[in-house]
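Listed below, chain by chain, are the residues.
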Amino acid sequence: MTTKHHQANQTTEDARWQAVVTRDDTADGTFVYAVHTTGIYCRPSCAARLARSENINFYTSPHEAEAAGFRACKRCKPNQTNLTASHTEKVASACRLLETSEIIPSLEDLAKNVGLSKYHFQRLFKRITGVTPKAYAQAYRTQKLREQLSEDDSVTNAIYAAGYNTQSRFYAESNKVLGMTASEFRKGGANTVIKFALGECSLGTILVAQSERGVCAIQLGDDPTLLLQELEGRFPNAELIGADRDFEKTVAQIVGFVETPTQDLNLPLDIRGTAFQQRVWQALTGIPLGTTASYSEIAQRIGAPKSFRAVAMACGANNLAVVIPCHRVVRNDGNLSGYRWGVERKKILLSNEKFLSKNELNEP
Ligand SMILES: [Zn+2]
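**Some details on unusual backbone geometry**
Part 1 of the argument: Even without glycine at this site, arginine 23 takes up a positive phi of about 50°.
Part 2 of the argument: With respect to the helices and strands, arginine 23 occurs in the loop between α2 (15–21) and β1 (32–35).
Part 3 of the argument: In this structure arginine 23 comes out as partly exposed when scored by relative accessible area, which is 31%.
Part 4 of the argument: Positioned with a positive phi, valine 322 is a non-glycine residue whose angle comes to about 70°.
Part 5 of the argument: Looking at the element boundaries, valine 322 is found in the loop between α15 (308–316) and β10 (329–330).

What follows is the structure, encoded as structure tokens:
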């Protein structure tokens with residue numbers, strides 16, 4: 001009696017028992033169960049009357065069950081037709097549907113197409129692919145898009161080829177999917193090596209990165225991991241490597257500049273942005289240390305007096321903290337406004353610069 005109870009508990013606690021109870025055909029091919037009292041083994045979905053749990057043993061294959069002395073059930077033929085293959089075929093055909101449909105098909109439609117119930121289809125799909133149909137469709141489109149973007153010249157072509165039926169829909173999704181817009185992605189550092197280093201400065205953690213062209217990122221933050229993730233997001237195709245000796249020197253120079261932005265920084269910069277952004281950033285470097293300018297003033301200086309909002313956005317898109325002094329841009333009323341790396345850092349930078357510029361003036 002105790003062994004019987006023990007056996008029954010072992011069976012009912014086994015996740016496979018649930019598949020037998022529900023006659024889950026998506027579990028077919030993953031195991032068989034054998035019934036001691038009859039000497040027969042079945043596939044999970046067998047329509048035969050359910051045996052008592054204490055009389056059941058699970059085997060991973062028909063071969064194992066037969067080696068243990070059981071015979072195949074004549075009803076469900078667990079040793080014959082290769083159900084795993086037919087399941088795989090069904091899932092594969094669902095995958096093709098997910099890949100080729102402009103709009104991701106519903107679970108019901110997919111299941112109907114391959115002749116399974118919605119419940120079984122979803123379980124089977126997840127078991128074979130490891131993801132839900134929806135996640136599969138999204139991952140497929142993302143991957144397709146990445147491939148297309150690196151092969152294809154036109155972003156628009158890539159969008160259509162990846163199965164996004166309208167451009168606006170693509171752009172709505174692309175930030176989520178790629179972590180950046182499509183045209184930025186094209187410049188996403190394919191075939192380039194980017195050196196990076198993380199360090200500490202008075203403003204917190206600093207990440208410095210350099211491409212073949214020059215310094216391409218100076219970012220400030222509290223969490224080194226987040227800074228690195230952001231860099232990876234910006235250059236998904238690049239090979240990111242840790243710093244070498246030469247680069248350490250560059251990093252030291254930049255950290256020195258961030259702490260004391262009075263000296264000249266003669267380093268090549270790799271500035272990536274739209275023509276408008278570059279005009280704004282150029283204008284920012286013209287704001288003298290210890291002073292500020294408003295967004296409107298910058299807009300006037302670049303000859304686009306109405307574009308102060310776009311100027312503010314370009315400031316927010318700056319990737320070279322302090323070196324491109326977007327912290328010197330404030331609201332028209334002198335209010336500090338925002339800062340890409342936190343308004344606290346902006347405050348510290350500005351008061352530090354005020355102090356430095358006074359001291360410089362007082363020098364003989
Ligand atoms: Zn059977």
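We are not done yet, so read on.
**Observations concerning the coordination of the zinc ion**
Angles at a metal have ideal values that depend on geometry: 109.5 degrees with four tetrahedral donors, 90 or 180 degrees with six octahedral donors.
Part 1 of the argument: Looking at the zinc ion, the protein donor atoms are Cys42 (SG), Cys46 (SG), Cys73 (SG) and Cys76 (SG), and they sit 2.2 to 2.4 Å from it.
Part 2 of the argument: Taken together, the 4 donor atoms coordinating the zinc ion and their angles of 104 to 123° define a geometry best described as tetrahedral.
Part 3 of the argument: Ordering the donors of the zinc ion by residue number gives the pattern C-x3-C-x26-C-x2-C. With respect to burial, cysteine 73 and cysteine 76 carry one shared label: buried.

**Quick notes on the pattern of salt bridges**
Part 1 of the argument: The full count for this structure, using the stated rule, is 9 salt bridges.
Part 2 of the argument: Close ionic contact of glutamate 108 with lysine 118 constitutes a salt bridge, the shortest N to O distance being 3.4 Å. With a gap of 10 residues between them, glutamate 108 in helix α5 (residues 107–114) and lysine 118 in helix α6 (residues 118–129) connect regions that are remote in the sequence.
Part 3 of the argument: In this structure glutamate 108 comes out as partly exposed when scored by relative accessible area, which is 40%.

Calculation criteria
Residues numbered from 1 in each chain as written. Predicted model: local features only at pLDDT ≥ 70, side-chain atom pairs only at ≥ 80, totals over all residues. Heavy atoms only, no water. Helix = DSSP H or I, 4+ residues; strand = E, 2+ residues; numbered from the N terminus. Buried < 20%, exposed > 50% of the residue type's maximum accessible area, 1.4 Å probe, protein only. Donors = N, O, S within 2.8 Å, 3.2 Å for Na, K, Ca; no water. Tetrahedral: all angles 85-135°; square planar, octahedral: opposite > 155°, others 65-115°. Salt bridge = Lys/Arg side-chain N within 4 Å of Asp/Glu carboxyl O.

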